[in-house]
Amino acid sequence: MTRPIRIRLRTVPVGTDLAVLITGGREHIGAVATAYREGDRVKVETHVLPGHREGDLAAETARMAALSLKCTVTVAMGIHQDEATREEIDEIVRTVRRLMEEELRRRACGGAEGRS
């Protein structure tokens, strides 16, 4: 059985680019990833604070958004749940992906305001 954890995705337009903050549980910043276009490719630069595990998911969501929005996207992420089980981690990852997909769909339909 998984313990519920509230995941929040908030966005801030920065000119034609986008900053995204994804947090949950005991909020903090554990990793930051920036995805940007370089020619035909999207590159991702990631910085992970020592002892944190959000780097891969931050990079994945930044890349997903940069590909969809065709702009530079920075994702700052910090999600913490004490002694999370594999099932809880999998649920957190699914939730983050779903929230990002929903945000990208909203933006594709013209709803570009920030979310909380």
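Here, the structure is the one placed above.
Residues numbered from 1 in each chain as written. Predicted model: local features only at pLDDT ≥ 70, side-chain atom pairs only at ≥ 80, totals over all residues. Heavy atoms only, no water.

Enquirer: Would you mind going over the nonpolar core with me for this structure?
Expert: Here is a general trend for soluble globular proteins: nonpolar side chains tend to be buried in one another's company. Among the nonpolar cores identified, the biggest contains 26 residues, and V20, I22, V73, V75, M77, V96 and M100 are the most heavily contacted of them. Elements supplying a minimum of two residues to this core: β1 (7–14), β2 (17–25), β3 (31–38), α1 (55–69), β5 (73–80) and α2 (86–108). Take this core: its biggest share by element is seven residues, from α1. (Core = buried A, V, L, I, M, F, W, Y, C linked by side-chain atoms within 4.5 Å. Buried < 20%, exposed > 50% of the residue type's maximum accessible area, 1.4 Å probe, protein only. Helix = DSSP H or I, 4+ residues; strand = E, 2+ residues; numbered from the N terminus.)

Enquirer: It is not clear to me how unusual backbone geometry should be interpreted in this structure. Could you clarify?
Expert: Trans is the common state for peptide bonds, and a negative phi is the common state for residues other than glycine. Positive phi, normally seen in glycine, also occurs at K70, with a value near 60 degrees. Phi at E83 takes a positive value of approximately 45 degrees, unusual for a residue other than glycine. Turning to its location among the elements, E83 is positioned in the loop between β5 and α2.

Enquirer: Would you take a moment to explain α2 for this structure?
Expert: Working note: α-helix, 3.6 residues per turn, so residues spaced by three or four point in the same direction. Given a rise of 1.5 Å per residue, 23 residues ought to cover 33 Å, and the 33 Å separating the end C-alpha atoms of α2 matches this to within 8%. Within α2 the residues assigned to the buried category are E88, I92, T95, V96, L99, M100, E103, L104 and R107. Buried residues in α2 make contact with β1, β2, α1 and β5. (Expected span 1.5 Å × (residues − 1). Contact = heavy atoms within 4.5 Å.)

Enquirer: When you look at the pattern of salt bridges in this model, what are you seeing that I'm missing?
Expert: Between side chains of opposite charge, a pair can form when the charged atoms approach closely. All chains considered together, the criterion is met by ten salt bridges. The partner of R3 in a salt bridge is E88, with the nearest N and O atoms 2.8 Å apart. Placement of R3 in the segment before β1 and of E88 in helix α2 is noted, with a sequence separation of 85 residues between them. Its salt-bridge partner being E102, residue R98 comes within 3.0 Å of it at the nearest N-O pair. Here R98 pairs with E102, and both are found in helix α2, just four residues apart, close to one helical turn. In this structure, a network of salt bridges that share partners links the residues E103, R106 and R107. (Salt bridge = Lys/Arg side-chain N within 4 Å of Asp/Glu carboxyl O.)

Enquirer: Help me out: how do you make sense of the sheet that holds β3 in this one?
Expert: Two pairing modes exist for strands in a sheet, parallel and antiparallel, and in both the strands are linked by backbone hydrogen bonds. Judged by pairing direction, the sheet is mixed, and its five strands sit side by side in the order β1-β2-β5-β3-β4 without closing on themselves. The open sheet is flanked by β1 and β4 (41–48), the only strands paired with a single partner. Taking the axes of each pair of neighbouring strands and ignoring which way they run, one obtains an average angle of 15 degrees across the sheet. Inspection of the sheet shows β2 paired to β5 by eight bridges, in the parallel sense. Residue pairing in the sheet places V20 in a bridge with V75 of β5. This element, α1, spans β2, β3, β4 and β5 of the sheet and lies at about 145 degrees to β5. Strands β1, β2 and β5 of the sheet are contacted by α2, whose axis makes an angle of about 35 degrees with β1. (Pairing = 2+ DSSP bridges. Axes fitted to C-alpha atoms, helices over the stretch in contact; angles between N-to-C directions.)

Enquirer: Would you mind showing me how to read the layout of surface pockets here?
Expert: Where empty space is left can be seen by rolling a probe of water-molecule size over the atoms. Space inside the largest pocket adds up to approximately 490 Å³. Within the residue set of the lining of the largest pocket, elements represented by two or more residues are α1, β5 and α2. The element that contributes the greatest number of residues to the lining of the largest pocket is α2, accounting for three residues. (1 Å grid on protein atoms, 1.4 Å probe; cavity = no way out; pocket = protein on both sides within 12 Å on 5 of 7 lines; lining within 4 Å. Points joined across faces, edges and corners; volume = space filled by probe spheres on them.)

Geometric values such as these leave the question of function open.
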